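These are the residues of each chain, in order.
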Amino acid sequence: MLAVATLAVATLAGTGCQDYQLYQLKDEPGAEDTAGTFAPLVDIEENGALDDTAGELALVVPSVGAANASINVILQYSSFGNAAQGCSFDVAFYPLTGDDGYGSGGTAQTINMPADPGTCAFTLFDPDDTGTGGSMTVRGTVDAGAELHAYNESYDITLTRQESDDGSLRYRWEGCDRSVFPFAQALSLSGSGEEGGIDAFDLPDVIAVGPDVIQTYPTDSDLDLGVLPLSLAQPFDWQWDWSAAFPSTAEGPVTVAQMFMIRNARTSDNRMLEALACKPAEDGGLTVDPEDLGQLSPDPGDGSTYAGAQLDTYFYGATADAPWGQTLRAQSLISMSGLLRLSP
């Protein structure tokens with residue numbers, strides 16, 4: 001099977017604040033969230049979210065058919081939908097016995113994830129743990145030519161070949177932006193190929209990109225200077241809708257996986273203090289009970305901590321056969337987040 005990874009550099013942004021916290025799914029929702037630290041006051045590029053320097057990778061010449069791929073298609077909103085904070089579209093190829101580098105090098109404590117819909121899992125962190133998060137981008141070691149194209153009748157997205165100092169490769173859409181993002185589209189993927197690497201290929205309708213998310217609650221009128229007040233003694237409702245129907249690939253309709261998280265962090269150094277992850281029972285709405293919220297600590301009122309909420313929705317295309325003899329299952333992510341003020 002062709003291992004396909006989707007990553008989220010999740011964004012929590014309010015009044016000038018941003019959080020870049022790694023959350024990973026490889027084929028199915030994972031049980032852990034990598035990294036115990038996030039930095040809300042720096043730009044995504046400066047924060048190392050796209051750092052390609054973790055670990056050493058060497059360019060390899062694969063045998064025919066000996067390749068896997070990772071595909072990341074991501075759009076992130078912050079400030080409860082008032083800002084499109086991040087956009088990325090990356091592809092990387094690597095040997096069957098290798099890995100895509102994503103998440104590698106991480107030593108920090110991880111967030112516990114609930115397994116059952118309608119349930120939550122709490123994680124208490126040691127804020128003085130010096131562990132670090134893993135690499136937040138895919139990196140490959142197999143060449144597929146000068147560029148790739150993700151396309152349909154309305155889009156022709158060029159992903160250019162990029163080589164890092166360590167010799168690793170990835171293909172990236174440099175013009176990724178919400179204004180041109182292919183919401184609710186099924187995209188084909190083609191490549192010119194490279195001798196000794198991936199042969200030329202054309203895979204019809206293998207990438208299914210989710211529609212634009214519409215935040216229906218909380219709304220702007222519920223915010224106080226961009227921050228949502230939240231009493232831990234009251235149920236917390238989060239509601240959303242979609243701008244269009246879900247797309248289908250050539251192999252069938254997409255499936256959807258979702259995860260909601262509240263994170264509490266220390267302002268002085270952005271170290272994680274605690275987290276609550278909840279798995280929605282159905283698409284469109286989530287209620288977190290006070291019994292679960294009560295595990296979180298309220299804001300002490302002195303600016304020493306801050307918190308944020310985030311909903312990640314992953315869209316999985318059906319598996320498709322790739323010409324190099326593996327199967328492919330592409331995924332995309334639409335993420336919504338915002339800052340909270342926790343009270344008893």
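Residues numbered from 1 in each chain as written. Predicted model: local features only at pLDDT ≥ 70, side-chain atom pairs only at ≥ 80, totals over all residues. Heavy atoms only, no water.

### Some points on the confidence of the model for the chain
Across the chain, the average pLDDT comes to 78, with 74% of residues at or above 70. At the level of individual helices and strands, the chain shows its lowest average pLDDT in strand β1 (residues 5–10), which scores 31, and its highest in helix α1 (residues 290–293), which scores 97. The model gives residues 1–64 a pLDDT under 50, and that stretch makes 246 contacts with residues more than four places away or in other chains. (pLDDT = per-residue confidence, 0-100. Helix = DSSP H or I, 4+ residues; strand = E, 2+ residues; numbered from the N terminus. Contact = heavy atoms within 4.5 Å.)

### Some thoughts on unusual backbone geometry
For the bond from tyrosine 217 to proline 218, the omega torsion is 0°, close enough to zero to count as cis. Tracing the backbone through its elements, the reader meets proline 218 in the loop between β14 (213–217) and β15 (228–231). Residues other than glycine seldom take positive phi values, yet asparagine 270 does so here, at roughly 65°. Assignment of secondary structure puts asparagine 270 in the loop between β19 (255–266) and β20 (272–278). According to the relative accessible area criterion, asparagine 270 is buried, its value standing at 13%. (Buried < 20%, exposed > 50% of the residue type's maximum accessible area, 1.4 Å probe, protein only.)

### With respect to the packing of aromatic side chains
For the structure on display, the rule yields 11 aromatic pairs. Cluster of aromatic residues (ring-pair linked, three or more members): Phe80, Phe236, Trp238 and Phe260. (Phe/Tyr/Trp six-rings, centres within 6.5 Å; stacked < 30°, edge-to-face > 60°.)

### Brief notes about the nonpolar core
Phe89, Phe93, Ile207 and Phe260 are the most contacted members of the largest nonpolar core, which totals 58 residues. With sequence-adjacent residues up to four places away left out, isoleucine 207 is seen in contact with Ile71, Val73, Phe89, Gln185, Ala186, Leu187, Leu189 and Ala330. Ranked by size, the runner-up nonpolar core spans 8 residues in total, among them Ile111, Met259, Met261 and Met272. (Core = buried A, V, L, I, M, F, W, Y, C linked by side-chain atoms within 4.5 Å.)

### Notes on the state of the cysteines
Evaluation of the coordinates by the stated rule reveals 2 disulfides. Residue pairing for cysteine 87: its cysteine sulfur links by disulfide to cysteine 176, the two sulfurs lying 1.9 Å apart. One disulfide, between cysteine 87 and cysteine 176, carries an S-S torsion of -70° and so falls in the left-handed class. Here the residue cysteine 87 occupies a position in strand β6 (residues 83–94), and cysteine 176 occupies one in the loop between β11 (169–172) and β12 (186–191), the gap between them amounting to 89 residues. Residue classification places cysteine 176 among the buried residues on the basis of a relative accessible area of 14%. Cysteine 120 shares a disulfide with cysteine 278; S-S distance 2.1 Å. Because the sign of the S-S torsion sets the handedness, a value of about 105° for the bond joining cysteine 120 and cysteine 278 places this disulfide among the right-handed ones. You can see cysteine 120 sitting in strand β8 (residues 120–124) and its partner cysteine 278 sitting in strand β20, a full 158 residues away along the chain. (Disulfide = S-S within 2.5 Å.)

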